Amino acid sequence: MERSPEWVEAGRSVFSGSNVIVAGSAGTGKSAWIRDITRLLRKNGVGVQVVSFTASAAENVGGRTIHSEFGFRPNVDILASDSSVSWQTRERIKGISTLIIDEVSMLNPRLLDAVSERCRKFPATVQWNEDSVGEQFGGRQVILVGDPLQLAPVLNNEDRLILRGEDYPSQFWFDAKRYQPEKFTHVCFTKPYRQVPGTDFINLLDDLRHGKNFDEHHPTLHGRREELLDSHDNSLAVNLTHDNNLRRKINEAELAKIGGSQRVSRIHWTVAKETDRNRKAPNQFEEVLQLKIGARVMFTQNKYDKNQKLIWTNGSTGVVTGFTPEEGSHLTEIEVRLD
């Protein structure tokens, strides 16, 4: 893979000890650069860790999710001063000298501040020079990678209320209180690697990124959709909707098309404290799950084995192949063949 001048410039900035922001549209080699710079840093004995907001993005660059790496737990405020951290997490954080955050555009400013706070609480064992963002990230070199026009922060209504209540100017990472733009070198990747330059597809992607010429490109996008739905196997098509009631109707209609008996599984919730006892399940979980053999499913959480190797991610898809037990009302296991 031929390295562009921007690729080389970003690498030199990293090895000079600078904090770096690497931006660029999709397909310009950002993920490949992360894998390359991580390999070179480790070869030189630097403790480097790559993190991302989602497991699928983290897996793509050989990293971990931010929540897993820094010990942020569900239903616990990420900026709570009294939140406990396991000794394994503390030691892991201390071993990071260079922190790379991929898909940084998905972070809201409060989450970036929480990462800063945890880095300050557990300073790096081996630190970079004093010109780094040491006072904000515990002596670590920080590399931020992403496309600001591609993926926005993932927020619910409660998140938005908290951001407003704590006087954050916006929902974007660059409005974090601990972010100091003057301490970062900016590099923008422009050379496309994933697609051939000058093609209609490249022009379509660029226009969508900038919110231009959508009417011109709509027939192409809609045509691809119709092509998939009219194919002999349209089972890979996924309906995207913001309405939970519509989602349930679509799922019920598709399930009715499959022959065989229907099985039911009910979710049992374990509450950490008495005040959580009356809380409802999050919207992404169905209290009652209705399935048949042959039904397509999508996972909504990440799953690791005992060695912390990722088995599946939030968003992985597959087909139901069996149930345990095969009959009866009490369902203990659902067998799924991953795509």
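Our structure is the block above this text.
The sections below set out a description of the structure shown in this document. Remember, it's a predicted structure, so these values are computed and weren't measured experimentally. (Residues numbered from 1 in each chain as written. Predicted model: local features only at pLDDT ≥ 70, side-chain atom pairs only at ≥ 80, totals over all residues. Heavy atoms only, no water.)

1. A short note on the overall build of the protein chain
The test is simple: Each helix is a run of H or I in the DSSP string that is no shorter than four residues. Each strand is a run of E no shorter than two, and both are numbered from the N terminus. Buried residues are those whose accessible area, probed at 1.4 Å on protein chains only, stays under 20% of the maximum for their type, while exposed residues exceed 50% and partly exposed ones sit between those limits. Residue-level accessible areas treat just the shown protein chains as cover; the underlying method is Shrake-Rupley with a 1.4 Å probe.
Tallying secondary structure elements over the protein chain gives eleven helices and 13 strands in all. Evaluated residue by residue, the protein chain yields a buried proportion of 37% over its 339 residues. For the protein chain, the accessible area works out to roughly 20,600 Å², and carbon and sulfur atoms hold 50% of it.

2. Describing a nonpolar patch on the surface
Test applied: Here the term patch refers to residues with relative accessible area over 30% and no salt bridge, with like charges joined within 9 Å and nonpolar side chains (Val, Leu, Ile, Met, Phe, Trp, Tyr) within 5 Å. We count a salt bridge whenever a side-chain nitrogen from Lys or Arg sits within 4 Å of a carboxyl oxygen from Asp or Glu.
Among the surface-exposed residues, Leu208, Phe214 and Leu221 lie close enough to one another that they form a single nonpolar patch of about 250 Å² accessible area. Tracing the chain through its elements places Phe214 in helix α10 (residues 214-229). For Phe214, a relative accessible area of 44% corresponds to the partly exposed category.

3. Topic: unusual backbone geometry
The omega torsion across Thr324 and Pro325 is -10°, close enough to zero to call that bond cis. Locating Pro325 in the fold gives a position in the loop between β12 (317-324) and β13 (333-338). Look at Asp167: it is not a glycine, yet its phi comes out positive at around 65°. For Asp167, the location among the structural elements is in the loop between α8 (157-165) and β6 (184-189). Note on Asp167: relative accessible area 65%, which makes it exposed. Backbone geometry at Asn213 places phi at a positive 55°, although glycine is not the residue there.

4. What to know about the environment of Phe172
Heads up, the condition is: The contact criterion used throughout is that any non-hydrogen atoms of two residues lie within 4.5 Å.
Inspection of the secondary structure assignment puts Phe172 in the loop between α8 and β6. In this structure Phe172 comes out as partly exposed when scored by relative accessible area, which is 31%. Put simply, Phe172 and Ala152 are 20 residues apart on the chain and 7.7 Å apart in space, counted from C-alpha to C-alpha. Apart from the residues lying within four places of it in its own chain, the contact partners of Phe172 are Leu107, Pro109 and Pro153.

5. Concerning the packing of helix α1 (residues 5-15) against helix α2 (residues 30-43)
What counts, and what does not: Between N-to-C directions, angles cover 0 to 180 degrees, with each direction set by a line fitted to C-alpha atoms, over the stretch in contact for helices. Rotating anticlockwise by less than a right angle from the far helix to the near helix defines a left-handed crossing, while the corresponding clockwise rotation defines a right-handed one.
Axis separation between α1 and α2 bottoms out at 11 Å; the angle between their running directions is 35°. Remark: the crossing between α1 and α2 carries right-handed chirality. Facing Trp7, Ala10, Gly11, Val14 and Phe15 of α1, the residues of α2 in contact are Ala32, Trp33, Asp36, Ile37, Leu40 and Leu41.

6. Things to note about the sheet that holds strand β2 (residues 48-52)
Keep this limit in mind: Between any two strands, pairing holds if DSSP finds at least two bridges.
On the basis of which strands lie adjacent, the open sheet formed by six strands has the order β3-β2-β4-β5-β1-β6 and parallel pairing. Strand pairing shows two members of the sheet lacking a second neighbour, β3 (64-65) and β6, which therefore form its edges. Note: β2 against β3, two bridges, orientation parallel. Residue pairing across strands places Val51 opposite Arg64, the latter belonging to β3.

7. Details of the sheet that holds strand β9 (residues 296-298)
Taking strand neighbours across the sheet as the criterion, the three strands line up as β9-β12-β13 in an open arrangement whose pairing is antiparallel. A strand with exactly one partner marks an edge of an open sheet, and here the two such strands are β9 and β13. Along the sheet, successive strands turn relative to each other by an average axial angle of 50°, direction set aside. Here β12 runs beside β13; their pairing, made up of six bridges, is antiparallel. When the sheet's bridge partners are listed, Val319 is paired in β13 with Arg337.

8. Side note on the nonpolar core
Basically, it comes down to this: Throughout this description, the term nonpolar core refers to a set of buried Ala, Val, Leu, Ile, Met, Phe, Trp, Tyr and Cys residues connected via side-chain atoms within 4.5 Å.
The biggest cluster of nonpolar side chains holds 26 residues, and the ones touching the most others in it are Ile66, Phe70, Ile101 and Leu144. Counting residues per element, the ones that place at least two in this core are α4 (66-70), β4 (98-101), α6 (109-121) and β5 (141-146). In terms of residue count, the dominant contributor to this core is α6 (five residues). With sequence-adjacent residues up to four places away left out, Ile101 is seen in contact with Val51, Ile66, Leu107, Leu112, Ile143, Leu144 and Val145. The next biggest cluster of nonpolar side chains, apart from the first, holds 19 residues, and it includes Trp7, Val145, Val187 and Phe189.

9. Considerations on the pattern of salt bridges
Tallying each qualifying case throughout the model produces eleven salt bridges. One salt bridge connects Arg64 with Glu69, and the closest N-O pair in it is separated by 2.8 Å. Of the two residues examined, Arg64 and Glu69, each falls in the buried class. Note that Lys94 and Glu91 form a salt bridge whose closest N and O atoms lie 3.7 Å from each other.

10. Let's talk about empty space enclosed by the protein
Note the threshold: For each structure, a 1 Å grid was placed over the protein atoms alone; sets of points admitting a 1.4 Å probe that cannot get out are labelled cavities, open sets with protein on both sides within 12 Å along at least five of seven lines are labelled pockets, and lining residues have an atom within 4 Å of a point. Grid points are joined across faces, edges and corners, and a volume is the space filled by probe spheres set on the points. In the scheme used here, Gly and all other residues not listed as nonpolar or charged are polar, with Ala, Val, Leu, Ile, Met, Phe, Trp, Tyr, Cys and Pro taken as nonpolar and Asp, Glu, Lys and Arg as charged.
Applying the stated criterion to the full structure yields two cavities of 30 Å³ or more. Taken as a whole, the largest cavity encloses approximately 50 Å³ of empty space. The wall of the largest cavity is formed by Gly71, Phe72, Arg73, Val76, Asp77, Ile78, Ser83, Ser84 and Arg118. Taken as a whole, the second largest cavity holds about 30 Å³ of empty space. Leu112, Phe137, Val142, Leu144, Tyr179 and Phe184 are the residues that line the second largest cavity. The residue inventory of the lining of the second largest cavity, partitioned by class, reads six nonpolar, no polar and no charged.

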